[in-house]
Amino acid sequence: MKKINPEQAIRDVQHFGEEGGVVPVIDVAATSTFLDPQDMERTFQGELQGCYLYSRHSNPTVNIFGKKMAAMEGAEAALGVASGMAAIACSIEQVFHNESHGQGHMIASQTVYGGSYALFKNIFPMRGINVSFVDILDLKAVEAAITPKTKVIYAETMSNPLLAVCDLSGLSAICKNHNLKLIIDNTFAPMIVQPLQYGADIVVHSCTKYISGSSDLIAGAICSDQKFISSLIDVNHGSVMLTGPVMDPRVAHELYLRMDHLGIRMAGHSKMALYLAKKMKEEGLTVIYPGLSEHPQHELLNHYGAKSVGHGGVLTLECPTADDARVLAEKLQNEKFGLYAVSLGFSRTLMSCSAKSTSSEIPEDERKKMGLAEGLLRFSIGYTGDPEIMWNRFLKCYKS
Ligand code: PLP
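Residues numbered from 1 in each chain as written. Predicted model: local features only at pLDDT ≥ 70, side-chain atom pairs only at ≥ 80, totals over all residues. Heavy atoms only, no water.

**Q** Could you give an account of the environment of lysine 140, naming the residues involved and the relevant values?
**A** Secondary-structure assignment places lysine 140 in helix H6 (residues 139–144). It is 9.6 Å that separates the C-alpha atoms of lysine 140 and isoleucine 174, two residues lying 34 residues apart in sequence. (Helix = DSSP H or I, 4+ residues; strand = E, 2+ residues; numbered from the N terminus.)

Structure below.
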């Protein structure tokens with residue numbers, strides 16, 4: 001399979017401003033005029049496509065951001081939405097709507113972002129979707145969990161926070177055999193992996209993370225074929241159109257501009273993370289980072305494309321207890337190594353104790369089963385700072 005070059009593909013999406021500006025203008029209009037009143041009726045009846053109608057349906061600035069996202073993922077089309085959670089909820093519900101009148105069963109990886117876990121466990125059953133959580137690396141267990149009502153398999157390319165990399169081709173083969181849709185959350189691996197190239201049907205992103213890069217906004221995106229993306233904004237059946245978590249055009253414009261340097265930023269995150277992970281390993285610490293050769297899916301990630309951009313910015317360190325993790329994080333914050341905050345993809349390092357924050361929605365016994373230790377400290381390594389100075393700050397805190 002010929003791999004796409006996401007950096008070149010993003011670069012080649014180019015839109016000019018109204019007077020030939022090198023960047024596009026922001027189209028903030030909430031509603032658009034129809035010169036022929038009949039065209040408005042035909043648009044509502046689904047007979048006419050491509051007209052701007054109302055910004056909850058589509059917006060020119062959100063659309064050009066979608067073109068950059070689609071280029072990065074090698075997708076036919078993409079839609080910007082209000083958050084990563086909106087991307088996850090709307091894409092899954094749309095599949096169930098399109099395929100089985102909104103009802104059914106889905107299989108999800110047991111290690112997903114805590115918010116996704118809570119959505120699947122606590123909200124989806126009320127909406128007619130029941131979820132089985134499985135070890136996504138165990139393809140036999142995945143297949144065994146399929147029921148006649150199953151419509152979707154859901155996983156994260158690189159799981160949050162355990163950093164296990166899923167076997168996209170293996171999951172895709174199961175989906176093809178059983179006529180299911182494979183939905184992949186690629187938030188941790190933009191530019192590194194293009195899941196659609198390995199058989200995923202839909203890719204979702206929390207653009208709040210690397211794609212923003214500045215921890216200053218909340219946004220999401222859904223990438224897939226044109227038919228699926230159009231179904232999300234259908235005036236009668238679209239989950240985004242009718243539940244309403246759309247992307248603001250001002251946010252879309254910010255993200256459109258930032259995508260041109262996403263590749264450079266990802267490479268910067270990866271370089272600093274690899275440097276620190278190697279130093280931690282030499283120091284004998286329990287560090288997990290997919291860029292280390294002993295990581296169980298190191299070669300798989302290389303195969304997907306990590307060789308050019310690296311293996312991402314997230315690493316984890318296992319401290320003996322949650323208290324040890326908190327104490328270390330506090331020292332690191334005081335020493336200006338990083339900030340004790342959830343989220344990832346910021347230019348500076350962010351640290352959080354997963355079991356006490358972004359995975360706290362997963363019950364303790366299930367966290368234990370999946371190997372998520374209470375003392376696990378997750379680092380989203382920033383690309384700013386001198387690597388040696390940052391390491392010396394880390395070591396000073398760790399040893400004190
Ligand atoms: N997916 C992953 C892997 C995440 O880590 C997060 C948030 O941390 C989300 C989705 C949700 O994204 P958002 O906060 O943009 O709604």
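**Q** Please provide a residue-by-residue account of the packing of aromatic side chains, values included.
**A** What the rule picks out here adds up to 9 aromatic pairs. When the ring of phenylalanine 379 is compared with that of phenylalanine 394, the centres are 6.3 Å apart and the planes differ by 65°; the resulting orientation is edge-to-face. Remark: phenylalanine 394 occurs in helix H15 (residues 387–399) and phenylalanine 379 occurs in strand S12 (residues 376–380); sequence separation between them is 15 residues. Each member of the aromatic cluster is reached from another via a ring pair, and the members are Phe337, Phe379, Trp391, Phe394 and Tyr398. (Phe/Tyr/Trp six-rings, centres within 6.5 Å; stacked < 30°, edge-to-face > 60°.)

**Q** Before we move on, could you go through the nonpolar core and cite the residues and values that matter?
**A** By size, the foremost hydrophobic cluster in this structure holds 57 residues, and its most contacted members are Phe65, Met69, Ile153 and Ile211. Listing elements by their share of this core, those giving two or more residues are helix H3 (60–73), strand S4 (150–156), helix H7 (168–178), strand S5 (181–185), strand S7 (220–224), helix H10 (249–259), helix H11 (262–282) and helix H12 (298–309). A total of 6 residues in this core trace back to one element, the largest contributor, which is H3. When residues of this core are assigned to domains, at least three map to each of domain 1 (6–260) and domain 2 (263–399). In this structure, isoleucine 153 is in contact with Ile107, Ile136, Val142, Leu171, Ile174, Cys175, Leu180, Lys181, Leu182 and Ile183, ignoring residues within four places of it in sequence. (Core = buried A, V, L, I, M, F, W, Y, C linked by side-chain atoms within 4.5 Å. Buried < 20%, exposed > 50% of the residue type's maximum accessible area, 1.4 Å probe, protein only. Domains from an automatic or database assignment. Contact = heavy atoms within 4.5 Å.)

**Q** Account for the domain arrangement of the protein, with residues named and values stated.
**A** Each domain of the protein was delimited in the assignment, giving domain 1 (6–260) and domain 2 (263–399). Measuring from the centre of the C-alpha atoms in domain 1 to the corresponding centre in domain 2 gives 27 Å. Each partner contributes to the interface: domain 1 provides 37 residues, whereas domain 2 provides 41 residues. Carbon and sulfur atoms make up 63% of the area that domain 1 and domain 2 hide from each other, which totals about 3,100 Å². Its largest share of buried area at the contact with domain 2, domain 1 owes to Leu163, Ile192 and Tyr210, together 23% of the area lost on that side. Lysine 121 is the partner of glutamate 366 in a salt bridge, and the nearest nitrogen-oxygen pair spans 3.8 Å. Joining domain 1 to domain 2, the criterion identifies 12 residue pairs in polar contact (both at pLDDT 80 or more). Those elements that place two or more of their residues in the side of domain 1 that touches domain 2 are helix H5 (114–123) and H7. When residues in the side of domain 1 that touches domain 2 are grouped by element, the largest group, 5 residues, is from H5. (Buried area = accessible area lost by both parts, 1.4 Å probe. Salt bridge = Lys/Arg side-chain N within 4 Å of Asp/Glu carboxyl O. Polar contact = N/O pair within 3.5 Å; in protein donor to acceptor, adjacent residues only side chain to side chain.)

**Q** I'd like a rundown of empty space enclosed by the protein, residues and numbers included.
**A** Enumeration over the complete set of coordinates arrives at 1 cavity of 30 Å³ or more. Considering only enclosed or pocket space, the largest cavity measures out at about 70 Å³ in volume. Residue lining of the largest cavity: 13 residues in total, with Ser55, His57, Val62, Leu79 and Val246 positioned closest to the centre. If you list the elements that add at least two residues to the lining of the largest cavity, you get H3 and strand S1 (77–81). Split by residue class, the lining of the largest cavity holds 6 nonpolar, 6 polar and 1 charged. (1 Å grid on protein atoms, 1.4 Å probe; cavity = no way out; pocket = protein on both sides within 12 Å on 5 of 7 lines; lining within 4 Å. Points joined across faces, edges and corners; volume = space filled by probe spheres on them. Nonpolar A, V, L, I, M, F, W, Y, C, P; charged D, E, K, R; others polar.)

**Q** Could you give an account of the side chain of serine 91, naming the residues involved and the relevant values?
**A** When you line up the elements, serine 91 lands in helix H4 (residues 84–100). With a relative accessible area of 0%, serine 91 lands in the buried category. A polar contact is formed between the side chain of serine 91 and the backbone oxygen of isoleucine 88, at a distance of 3.2 Å. Setting aside residues up to four positions removed in sequence, serine 91 forms contacts with Ala86, Ile183, Ile202, Val204, Ile222, Phe228 and Leu232.

**Q** Residue-level account of the layout of surface pockets, with values.
**A** What the largest pocket holds in volume is close to 660 Å³. Along its surface, the largest pocket is lined by 26 residues, and Gln49, His57, Gln226, Ser230 and Ile233 are the ones closest to its centre. Counting residues per element, the ones that place at least two in the lining of the largest pocket are helix H2 (37–44), H3, S1 and helix H8 (226–232). Of the residues contributing to the lining of the largest pocket, the split by class is 11 nonpolar, 12 polar and 3 charged. In this structure, the second largest pocket spans a volume of roughly 340 Å³. Around the second largest pocket sit 20 residues that line it, and Met85, Tyr113, Thr187, Ser206 and Lys209 are the ones nearest its centre. Per element, the largest residue contribution to the lining of the second largest pocket is 3 residues, and it comes from H4. Looking at the lining of the second largest pocket, you find at least three residues from each of domain 1 (6–260) and domain 2 (263–399).

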